[in-house]
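Analysis of the macromolecular model
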Amino acid sequence: MEFDFEGNEGTWRVTGFYGWPSVNDRHLSWELLRMLGAENGDVPWICIGNFNEVLFATKMKGGTRPQWQMNNFREAVDDCGLREVEFDGYEFTYDNGQEEEYNRQSRIDRAIGNEKWFELFPRAKLTHLVREWSDHAPIQLSLNRRTEHEVMGGKLFRFEHIWVGENGCEDAVQRAWNEGTGDLMETIVGCAEALQKWKGISIGKIVWDLRTKRDRLSRLNEDIARLLHQEGLFWRQRSRALWLQEGDRNTKFFHKKAGQRKQKNHIAKLIDDDGNEHVGTMAVSGVAKADYNEEEVLAALGQMNPLKAPAPMNTRQGDDHMALKLDMAKAYDRVEWTFLERVLNRMGFADGWTRNVMKCISSVSFTKKVNGTVTEEFRPSRGLRQGDPLSPYLFILCAEVLLGLIRRAVERGTIRGIRVASGAPEVSHLLFADDSILFVRAREGEAQKVKEILTAYEGIFGQLVNLAKTTVSFSRSTRPDRQLHIANLLGVRIVEG
């Protein structure tokens, strides 16, 4: 098929080509190609389709091809003055669908054009689309393909976690980094462009392989279902009476399992301190209802699984305690860059390392997409990017300031933590990234001190405690009126511990 197109670039011609599938007739394909080349030599011309042949042995996977077959194709292409359009996507466009050593893949679908056509469309690109049910992948010709910079300017670049474990990802970044100009931001942009190119080839292969394996799995499932059906017929004929008698093969199994569970939860007898056996439900129940003392309770608790203990005992005799679960409003977004830099310098990090970290977090820019259109970029003045692997570590370093304020208050005795057992260390706080829990005594003075610590922390770090989501829990011995007073003082709500 041939079509002529007229556009702003002028008139040009496209030919849809299908090469003879039989090797014995393949010479007819090249004779036809030469004839078309002679007819279209004076016009911009591109030929696209399935040529049923590869140009080089590297364009196939599995199997071999005689060298003369590929030579004949290359000679015909050269005689017509044609060259290939560059492509994106998985390398091979044909897959015979066979398994393991019988699998054959090759690139026999392509687009080739003359120099006049490439003068009209110097940025043309061929895309190998994902193969669905055919043994050939569709190919798509784009006439004015944007450059990588233009693509990234109109479409947000995002690094996908799936890339980390894929072959070639690290190599692509390493090459781009080594080829960098020395400017950090330009080198990072170069890495992004290299990943975009690698993604087109590697991820296309993943999708291709996945569909191929799904096809094979579907065929295997059909074979397994057929064999299971045949096995069932075989045993039904061999033991018809037994089959009818047992019915569902799983019935006895589940009955036995239920019986074992019932036996496991049954107390057959109890032996008291005098060695007397008490057998039967009533006798066992009578022993269980007998009086017990504190030592027996503690001994029983010591024998229990530590992960299945009942509610904890009072942490310290005579003291009421509370746990304050903090919720920071947009914790990462509110980190002040100047404060972070002072923290890094105060902790003794090298000046060069600190500068690089600050450059990483302060060089970020954002764009918004409005009605499908990406707006101009803008730059923030504070905050850490969520999802950036560096951000949690930087946030924890800044949180050390809060820890310092808490430790100082503990050392001065203005607040006291809790002990989970006699002789255990005192715990005043638990922190994990932006999640924080403070433990203090349920006293007005300590609640006021915690409030002062949080106010100071907000002022120097830029954080803001979200009082609507911050909660407080009290030990069971704390009087309800004291709980309400302290919760009002802190401006938070009470939840049961």
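Rules used in this analysis
Residues numbered from 1 in each chain as written. Predicted model: local features only at pLDDT ≥ 70, side-chain atom pairs only at ≥ 80, totals over all residues. Heavy atoms only, no water. Pairing = 2+ DSSP bridges. Helix = DSSP H or I, 4+ residues; strand = E, 2+ residues; numbered from the N terminus. Core = buried A, V, L, I, M, F, W, Y, C linked by side-chain atoms within 4.5 Å. Buried < 20%, exposed > 50% of the residue type's maximum accessible area, 1.4 Å probe, protein only. Contact = heavy atoms within 4.5 Å. Arc of directions from axis to C-beta. Axes fitted to C-alpha atoms, helices over the stretch in contact; angles between N-to-C directions. Polar contact = N/O pair within 3.5 Å; in protein donor to acceptor, adjacent residues only side chain to side chain. Parallel < 35°, antiparallel > 145°, perpendicular 65-115°, else oblique. Nonpolar A, V, L, I, M, F, W, Y, C, P; charged D, E, K, R; others polar. Left-handed = near helix turned anticlockwise from the far one by under 90°. Salt bridge = Lys/Arg side-chain N within 4 Å of Asp/Glu carboxyl O.

1. Side note on the pairing of strand E14 (residues 321-326)
Note: E14 against strand E18 (residues 435-441), six bridges, orientation antiparallel. Each residue of the ladder has a partner; that of Ala323, found in E18, is Phe439. When E14 meets strand E19 (residues 471-474), the two strands line up antiparallel, connected through four bridges. Note on E19: the bridge partner recorded for Lys325 is Thr471.

2. Section: the sheet that holds strand E7 (residues 94-95)
Taken together, three strands build an open sheet; the order of strands is E4-E8-E7 and the sheet is antiparallel. Among the strands making up the open sheet, the edge pair consists of strand E4 (60-61) and E7. Pairing of E7 with strand E8 (residues 105-106), which is carried by two bridges, proceeds in the antiparallel orientation. Across the sheet, residue Tyr94 finds its bridge partner in E8, namely Ser106.

3. Some thoughts on the nonpolar core
Met322, Leu324, Leu340, Leu384 and Leu454 are the most contacted members of the largest nonpolar core, which has 42 residues in total. Of the residues forming this core, the biggest block, eight residues, is contributed by helix H13 (residues 391-412). Those residues in contact with Leu384 that sit more than four places away from it in its chain are Tyr332, Asp333, Val335, Leu340, Ile361, Ser391, Leu394 and Phe395.

4. Let's talk about helix H15 (residues 480-490)
Taken as a whole, H15 has its buried residues at Gln483, Ile486, Ala487, Leu489 and Leu490. The buried residues of H15 all sit within an arc of 160° when viewed along its axis, so they share a single face. Structural note: H15 exposes Pro480 and Asn488 on the side pointing more than 90 degrees away from its buried face. Its buried side turned inward, H15 meets E14, helix H14 (444-461), E19 and strand E20 (493-494). Gly491 occupies a position one or two residues after H15 and carries a positive phi of about 80°.

5. Quick word on the sheet that holds E14
Sheet architecture is open: five strands sit in the order E17-E18-E14-E19-E20, paired in mixed fashion. The open sheet has two edge strands with one neighbour each: strand E17 (429-432) and E20. Running at roughly 175° to E17, H13 makes contact with E17 and E18 of the sheet.

6. Focus on the side chain of Arg441
Mapped onto the fold, Arg441 is located in strand E18. A relative accessible area of 8% places Arg441 in the buried class. Of note is the side chain of Arg441, whose polar atom sits 2.4 Å from the side chain of Glu446. When near neighbours in sequence (up to four residues on either side) are disregarded, Arg441 contacts Asp319, Asp320, His321, Met322, Arg416 and Glu446.

7. With respect to the environment of Thr455
Inspection of the secondary structure assignment puts Thr455 in helix H14. The spatial distance from the C-alpha of Thr455 to the C-alpha of Val465 is 8.8 Å, given a sequence separation of 10 residues.

8. Observations regarding the packing of helix H1 (residues 26-39) against helix H2 (residues 67-79)
The geometry of H1 relative to H2 is characterised by a closest axis approach of 9 Å and an angle of 10° between their N-to-C directions. It follows that H1 is roughly parallel to H2 by the angle criterion. Only Gln69, Asn72, Phe73, Glu75, Ala76, Val77 and Asp79 of H2 make contact with H1, whose side of the interface consists of Arg26, Trp30, Leu33 and Arg34. Its residues assigned to classes, the contact of H1 with H2 comprises five nonpolar, two polar and four charged.

9. Thoughts on the environment of Leu402
Structurally, Leu402 can be placed in helix H13. When the C-alpha atoms of Leu402 and Phe461 are compared, they prove to be 9.1 Å apart, with 59 residues separating the residues in sequence. When sequence neighbours within four positions are dropped, the list of residues in contact with Leu402 reads Leu431, Ile453, Leu454 and Tyr457.

10. Things to note about the packing of helix H11 (residues 337-346) against helix H12 (residues 351-362)
Where H11 meets H12, the closest approach of the two axes is 10 Å, and the angle between their N-to-C directions is 160°. By the angle between their axes, H11 is roughly antiparallel relative to H12. Read as a crossing pair, H11 and H12 show a hand that is right-handed. Together, Trp337, Leu340, Glu341, Leu344 and Asn345 of H11 and Asp351, Trp353, Thr354, Val357, Met358, Ile361 and Ser362 of H12 make up the contact between the two elements. Broken down by class, the residue content of the contact of H11 with H12 amounts to seven nonpolar, three polar and two charged.

11. Focus on the pattern of salt bridges
If you walk through the whole model with that rule in mind, you get 17 salt bridges. The partner of Glu53 in a salt bridge is Arg65, with the nearest N and O atoms 2.7 Å apart. In this pair, Glu53 sits in the loop between strand E3 (45-50) and E4 while Arg65 sits in the loop between E4 and H2, placing the two residues 12 residues apart along the sequence. Among the residues examined, Glu53 registers a relative accessible area of 0% and is labelled buried. On the accessibility criterion, Arg65 (26% relative accessible area) is partly exposed. Asp223 serves as the salt-bridge partner of Arg226, at 3.8 Å between the closest nitrogen and oxygen.

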